[in-house]
Amino acid sequence: MRASGLNMNRCTRSAGRMTRSSVQFILLLGWVSILAPILSLPVRGADFPLISWQGQTMGSTYTVKIVDAQLAEPTVEALKLEIERCLKEVNRQVSHYQPESELSRFNRSPANTPFKASPGFFRVLQHSLELNRQSQGAFDPTLGPLIDLWGFGAKTNNKAVPTDAQISEAKKLYGCQHLSLTANGEILKDIPELRLNLSSAGKGFGTDEMARVLRAHGLTNIYVSISGDVFTQGHNAQGKKWQVGISAPMPDWSPGDPLVTVLSVSGQAVSTSGDYQKYLIDAQGRRLGHIFDPKTGWPVQHNLAGVSVVAGDCMTSSSLATTLFVLGPDEGLRFIESRTNAAALFVVQDADHKFQSIPSSRFKVMTGYQP
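Heads up: these notes are all about the structure in this document. (Residues numbered from 1 in each chain as written. Predicted model: local features only at pLDDT ≥ 70, side-chain atom pairs only at ≥ 80, totals over all residues. Heavy atoms only, no water.)

Attention now moves to the pattern of salt bridges. This structure, assessed with the given rule, holds 10 salt bridges. In this structure, the salt-bridge partner of Arg 362 is Glu 337, at a minimum N-O distance of 3.6 Å. With Arg 362 in the loop between strand S18 (355–359) and helix H10 (363–367) and Glu 337 in helix H9 (residues 314–337), the pair connects residues that are 25 residues apart, well separated along the chain. In this structure Glu 337 comes out as partly exposed when scored by relative accessible area, which is 29%. Beyond isolated ion pairs, a larger network of salt bridges with shared partners links Glu 89, Arg 92 and Glu 102. (Salt bridge = Lys/Arg side-chain N within 4 Å of Asp/Glu carboxyl O. Helix = DSSP H or I, 4+ residues; strand = E, 2+ residues; numbered from the N terminus. Buried < 20%, exposed > 50% of the residue type's maximum accessible area, 1.4 Å probe, protein only.)

As summarised here, the arrangement of the 8 strands in space is S2-S3-S7-S8-S11-S16-S17-S18, forming an open sheet in which the pairing is antiparallel. Edge positions in the sheet fall to strand S2 (50–57) and S18, since each of these pairs with one other strand and no more. The sheet shows a mean angle of 15° between the axes of neighbouring strands, direction not considered. Where S2 lies against strand S3 (residues 60–67), 8 bridges are found, and the strand directions are antiparallel. Within S3, the position partnered with Ser 52 by the bridge is Lys 65. Sheet contacts for helix H3 (residues 73–94): S2, S3 and strand S7 (222–226); angle to S2, the most-contacted strand, approximately 30°. Taken strand by strand, helix H8 (residues 199–216) contacts S3, S7 and strand S8 (229–233), and its axis lies near 155° from that of S7. (Pairing = 2+ DSSP bridges. Axes fitted to C-alpha atoms, helices over the stretch in contact; angles between N-to-C directions. Contact = heavy atoms within 4.5 Å.)

On to the pairing of strand S17 (residues 342–349), then. The buried fraction of S17 amounts to 7 of the 8 residues, a majority that puts the element mostly inside the structure. When strand S16 (residues 304–311) meets S17, the two strands line up antiparallel, connected through 7 bridges. Among the inter-strand pairings, Gly 306 is bridged to a residue of S17, identified as Val 347. Note: S17 against S18, 5 bridges, orientation antiparallel. Bridge pairing in S18 links Leu 345 to Pro 359. The turn linking S17 back onto S18 is made up of 5 residues, and His 353 within it adopts a positive phi angle of 65°.

Strand order in the open sheet formed by 3 strands is S4-S6-S5, and the pairing between neighbours is antiparallel. In this open sheet, the two strands that pair with only one neighbour each are strand S4 (115–116) and strand S5 (179–181). Pairing of S5 with strand S6 (residues 186–189), which is carried by 3 bridges, proceeds in the antiparallel orientation. Of the residues in S6, the one forming a bridge with Leu 181 is Ile 187. Strand contacts of helix H5 (residues 119–134): S4, S5 and S6, with the helix running at about 120° to S5, the strand carrying the most contacts.

Moving on to unusual backbone geometry. Although it is not a glycine, Met 58 adopts a positive phi angle of roughly 55°. Here Met 58 shows up in the loop between S2 and S3. Positive phi outside glycine occurs at Ser 227, with the angle close to 55°. Locating Ser 227 in the fold gives a position in the loop between S7 and S8.

Note that all results are geometric; they support no functional claim without further evidence.
Now the structure itself:
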């Protein structure tokens, strides 16, 4: 998912041009949908200086915004280079596209052979395994064989529905019971075919690492994002909390399409998970997304159209958003209510293709959400 600036007036006007009746229905009733890109709204009449830039990483766009910092141009250029080095290191650790990343080398390694992991890679795996345990398997970082089978991985872009036999075979090749971590920072797998895919937690980790670099330089008013994973701190250029816009639930969302709500956040991360950006259409005309239920081996299929999560860091918000999407609106709401440091907004779709927003109990307090 893509994060970028957007003109709110343009976005509001564009709603009148839309022909998708379900989205029009949402806009008219003020219901909120959270499954396309998260957007940082632009500032008009800014009171504080704003420095911002964008770049490419992890197959997506990253964004950096710094407010109220008197930085000379050489300092800004040095920061840009440091952010690039930071993201290069994140990719060196957790990318499943780069053949020499730590993750890729571990995926090729033999079974029952200790693999020494860097501290960052190890931390992402610790987080992922703990969330796997807490969610009773809904979040699973070992789904590489299944993701590749459906064509959503690095090996091929040929998206197609596999046979039941192929899915049954793939299910034998993943599962966190086959993965273990040692006290010495090593990783072990007990089957050679086990392959990690850290797409969800990895982008959140990268976003958090960008924020760490900026904070290390004493910068306190910052916005960083990779795709739809956002972390904010301090205030924006108007001296207020950062305004993070959430786009309408429409396939292949692009800048200029409608925004339907804006969250006010500071010192918090926001991430969204949904099936409108990466999917395939099967022979029956069903849209099958890129988020999989580990228990069935199939893309998640329920009435949850999307979910947004706010938390203290982006690795948590990103991985939780994926977890809640797998769990669905009922189990997901129970799960998020058990956590005191995060909240979520679920968008469900009924049989008439109408949408309804269901916030968890802490969502309004944490984001200023207005239905």
